[in-house]
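Topology and contacts: notes
Chain residues, written in single-letter form:
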Amino acid sequence: MKHLVFMLLLSGLYSLAPAQTHEEKESISALVSGKLLLQDLNRPAVLALLLVKTESGQIIAKTQTDSTGNFRIGDLPAGRYHLSFQLSGYKLLYKPISISKASLTDLGILFLLSDIALLKEVTIHAEPPLVSLRLDKKTYFSGKDVFAQNGAVSDMLNGIPAVSIDPAGVISLRGNNNVNVLINGRKTGMIQGNALDQIAADQIEKIEVITNPSARYDAAGSAGIINIVMKKNKELGFSGQIKLVGGLPNDSRISPSINYKSTRVNLFSTFGYRNSDYKGLYTSDQSANLPGFSAEINSVKKEKRHDDAKNIYLGADFYLNTQNTFTLAFFKNPTHDRDQSGLDYSYSAANGGRDSTLNRQAGSTEHRDYNQFEFNYTRTFKAPEKKWTIDLLYDFWKSNKTWNLETQKTFPQNNVLPDIRSNSEGSSKDLVLQTDFIQPLKSGKTIETGLKIENRAVNSDFLAEQQNEMNWLVYRGINNQLKYNEKIAAAYLQFAHQFKKFSYMLGFRTEFTDITVQDKAKSYLHQKRGSRLFPTLNLGYQFKEGQTLQWSYSKRINRPSLYLLYPFTELTDLNYQVMGNPNLNPAYADVFELGFLHTTRTFTFNPSAYVQHTSNYIQNFNYSDENEVIISTPFNLQSENRAGFALSFRSTPRPWLQLGAESNWYQFKQKGSYDGHNFNFSGRSFTSRISVQVKLPEQFMIQGRYNITGAQRNAQQVIKAIGYADFGLSKALLKNKVTLTLDGMNIFNSRQTRTLTSGEGYRLDQVSNFNAARYRLSFVYRVNLSSEKLIRQAKSGNRN
């Protein structure tokens, strides 16, 4: 009941949010207009920023000049003001004015003077700060990263401190994969597997790493949030680019875009096609030691994967006036994947002699069709920070995947075994409605509030059959349908205050969740319903410019993904299979963090320490079933306590040289039991990365990066340390209209995962090489579009 009352109170705030008081209406009467030109070029100053300040320095209004240099700003009360005009490469222009009620002030033609010293500085030295620290997040800017010019989002994320992506596409933050990944602040359907490879890294403006999110963000993700912010078109008129990529193994891509922007509308479009091949190699050695029985199984799996993907993104921003904007957009991403695997098995008896060998040929095809509609309304006000937004996001997708398995015994005699086939069909519909309101108060105070509702429905059918002469019979009883329904209602209230060098932000978020998981066979029906309060607190103290100390706390939730709940398993491998658990419960985490950031134009130093307590921690349980097949399934541990220390630094000792290094050390203690097995365990691990970037003559740039992840352990598994290297080389041509980039990922082919799993009566040693070394060459040509102002991308979908 208390959460319902809290949400109703917030709803009441919205009824007042956009309204103006009687006093405001009475005072609004003045209008200021004029034209701004560039004196050195004698042409309009386009998109120059105009700020209106009171005599005390408070900003009460702002706008931008249009394509002809004209500006117009209204709703100003009577009084004395200072106007300031800003444009990169030009000196600030100040203009004092005095207006009275019902006045129309035409300032005529004004001129901006070029700042020669500033232009020289920008040409030689100017690089944006590599990292900035705010109360609730760290922001990393893409800058001139070579991998950002050629690779995908996953390549760039692998260069962000504390962030890593394993070969299967799983994203981790400080060694914890319970991460909520957003694109432009929205949940995404593009993070599962290697789907982020479909988004080019050069479309990223910045990446926000939020290890202790404030109340404005969803409470999901016990490790934190990674928000990928895409670049937007800022040029008036027509602009665009075309990007071509070729690679070894085959990685062919083409992605044109075209945009048009005026003072009233911004039309944007992006298209893409990808045709890629991947090669994988997997080996395993399994031993079984049971009373009266022992054997060894050796297997080698060679995999070839082929992906075809297309995407189209169309939309428009409509500027009704300086304070009201609508956005409508549509995104479509159909894919067609074809995989082929060859598996060889060798079975040995207890005396070491070969008992038998098997060969399995597995082929699959998968079709996916992802669609998304998005709507946004943004209302701004006289106060620069005051804003009200409404977002609606609706996505729907469907998929179909078929497997055909042909198996034959090759020793001691040839014998063809019955074929097996499986079919998996899935569909999802997800609707999200969200509204947020920011109200600045006096003396550096701000209040923020928001409401969100989400309704998601997923259906998944799975059928496995074995051939019996001319008929097909259900295999091992695998014929079922999963139905997953999720409803989430959330509300938050947040207060922030900054005075002198101290700042704080206190927030409360409540989320009501109603989840139902059931199957067609009625073998299980699980309903999880309830509400939780998620408090957050962020404190900050700025010693001086560029030196900030922060402390934060947040309560988080890790809801099991659909993949973890899915109770079916693919049958490709005879000896090792992964199966979900519909009985999983959410995990809850309390996270504390202390961090310090020291940054200058040439140096960034960022140490931090953190402590995290997680209840219902989710971990995998591995066991051998009655057919001697190793099954891996998730379950809830009682708890995990984790403490760590992270350190990162970046330095530019010379204008042509940039160095970077980061490392994260952590230790943990897990407690719990499952199915009669004790999972109490303590361990430690680390991740580290170093990078070097060198600017060469003739606009060449070269970059190298080495990544290492320390050994990881739990009660059943040991994952050995892994290290790999990447490199990149780029060349700018035709006044930066063209960029050529060559890069190599995993160049020594050392990115191989070695896992040792042991349990009652078995031992499994696996080596997985998901992707061999890859090399790519890209060509980018831009039309009226600088490398810093690239193309518009979809806000992303709600879920996978």
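Throughout what follows, the structure given in this document is the object of discussion. (Residues numbered from 1 in each chain as written. Predicted model: local features only at pLDDT ≥ 70, side-chain atom pairs only at ≥ 80, totals over all residues. Heavy atoms only, no water.)

Topic: the overall build of the protein chain
Threshold: Helix and strand labels come from DSSP, where a helix needs a run of H or I of at least four residues and a strand needs a run of E of at least two; each type is numbered from the N terminus. Burial classification: accessible surface area is computed with a 1.4 Å probe over protein chains only, and a residue below 20% of its type maximum counts as buried, one above 50% as exposed, and the rest as partly exposed.
When helices and strands are tallied, the protein chain shows six helices and 48 strands. The burial tally for the protein chain puts 51% of its 800 residues in the buried class.

Focus on the sheet that holds strand β3 (residues 49–54)
Formally: Here a strand pair is declared whenever DSSP counts at least two bridges between the two strands. Angles shown run from 0 to 180 degrees and are taken between the N-to-C directions of axes, each axis being a line fitted to C-alpha atoms and, for helices, limited to the stretch in contact.
Read across the open sheet, the four strands follow the order β4-β3-β6-β7; overall the sheet is antiparallel. The open sheet has two edge strands, β4 (59–64) and β7 (93–99), and neither has a second partner. Taking each pair of neighbouring strands and ignoring which way they run, the sheet shows an average axis angle of 20°. Note that β3 and β4 share five bridges and pair antiparallel. Each bridged residue has a counterpart across the sheet, and for Leu51 the counterpart in β4 is Lys62.

Thoughts on the sheet that holds strand β31 (residues 576–578)
Sheet architecture is open: three strands sit in the order β31-β35-β34, paired in mixed fashion. Two strands in the sheet have a free side with no partner beyond their single neighbour: β31 and β34 (618–624). The mean inter-strand angle of the sheet, taken between neighbouring strand axes irrespective of direction, is 30°.

Thoughts on the nonpolar core
We count it as follows: By convention a nonpolar core is built from buried Ala, Val, Leu, Ile, Met, Phe, Trp, Tyr and Cys residues, the set being connected through side-chain atoms within 4.5 Å. Residue contacts follow a heavy-atom distance rule, with two residues in contact if any of their heavy atoms lie within 4.5 Å.
Val32, Val52, Leu76, Leu83 and Phe85 are the most contacted members of the largest nonpolar core, which has 22 residues in total. Looking at this core, the elements that each hand over two or more residues are β1 (30–38), β3, β4, β5 (70–76), β6 (79–86), β7 and β8 (104–112). Residue contributions to this core peak at four residues, all from β1. For Val52, the residues in contact, after removing those within four places along its chain, are Gln58, Ile59, Ile60, Ala61, Ile73, Leu76, Tyr81, His82 and Leu83. Listed in part, the 21 residues of the second largest apolar core include Trp403, Ile420, Ile515 and Phe568.

Quick word on the side chain of Arg379
Our working definition: Definition of a polar contact: a pair of N or O atoms within 3.5 Å, with one able to donate and the other able to accept a hydrogen when the atoms are protein atoms, and with sequence-neighbouring residues admitted only if both atoms are side-chain atoms.
For Arg379, the position within the fold is in strand β22 (residues 354–380). What makes Arg379 buried here is its relative accessible area of 13%. There is a polar contact of 3.2 Å between the side chain of Arg379 and the side chain of Gln323.

Looking at the pairing of strand β37 (residues 657–671)
The side chains of a regular strand alternate, first on one face of the sheet and then on the other. With 14 bridges joining them, strand β36 (residues 639–654) and β37 adopt antiparallel strand pairing. From the neighbouring strand, Ala643 faces β37, where its bridge partner is Gln667. Counting the residues in the hairpin turn of β36 and β37 gives two residues. Alignment of β37 against strand β40 (residues 681–696), held across 14 bridges, turns out to be antiparallel. If you follow Lys669 over to β40, its bridge partner there is Ser682.

Let's talk about unusual backbone geometry
Of note, the bond from Leu248 into Pro249 is cis; its omega dihedral lies within 30 degrees of zero at -10°. Looking at the element boundaries, Pro249 is found in the loop between β17 (237–248) and β18 (251–261). A positive phi angle, near 60°, is found at Asn616, a position not held by glycine. Relative to the helices and strands, Asn616 resides in the loop between β33 (603–615) and β34.

Concerning the pattern of salt bridges
Opposite charge on two side chains lets them pair, provided their charged atoms get close. Our working definition: Any Lys or Arg side-chain nitrogen located within 4 Å of an Asp or Glu carboxyl oxygen qualifies as a salt bridge.
Taken as a whole and assessed by the stated rule, the structure comprises 23 salt bridges. With a closest N to O distance of 2.8 Å, Arg421 and Glu465 form a salt bridge. Taken as a pair, Arg421 in strand β25 (residues 420–440) and Glu465 in strand β26 (residues 445–468) lie far apart in primary sequence, 44 residues in all. Judged by relative accessible area, which is 15%, Glu465 ranks as buried.

Observations concerning the packing of aromatic side chains
The geometry of an aromatic ring pair is captured by two quantities: the separation of the ring centres and the angle between the planes. Short version of the rule: Stacked, tilted and edge-to-face are the three classes assigned to paired rings of Phe, Tyr and Trp, where Trp is represented by its six-membered ring and a pair needs centres within 6.5 Å; plane angles under 30 degrees give stacked, over 60 edge-to-face, the rest tilted. Whether a charge sits over a ring depends on NZ of Lys or CZ of Arg being within 6 Å of the ring centre and within 35 degrees of the ring normal.
All told, the structure shown has 29 aromatic pairs when counted by the stated rule. Consider the rings of Phe502 and Tyr504, whose centres lie 6.2 Å apart with planes at 35°: the pair is tilted. Linked through ring pairs, Phe621, Tyr623, Phe635, Tyr674 and Phe679 together constitute an aromatic cluster. The ring of Phe411 carries the charged tip of Arg354 above its face, separated from the ring centre by 3.9 Å. In this structure, Lys386 is placed above the aromatic ring of Phe381, and the distance from its NZ or CZ to the ring centre is 4.5 Å.

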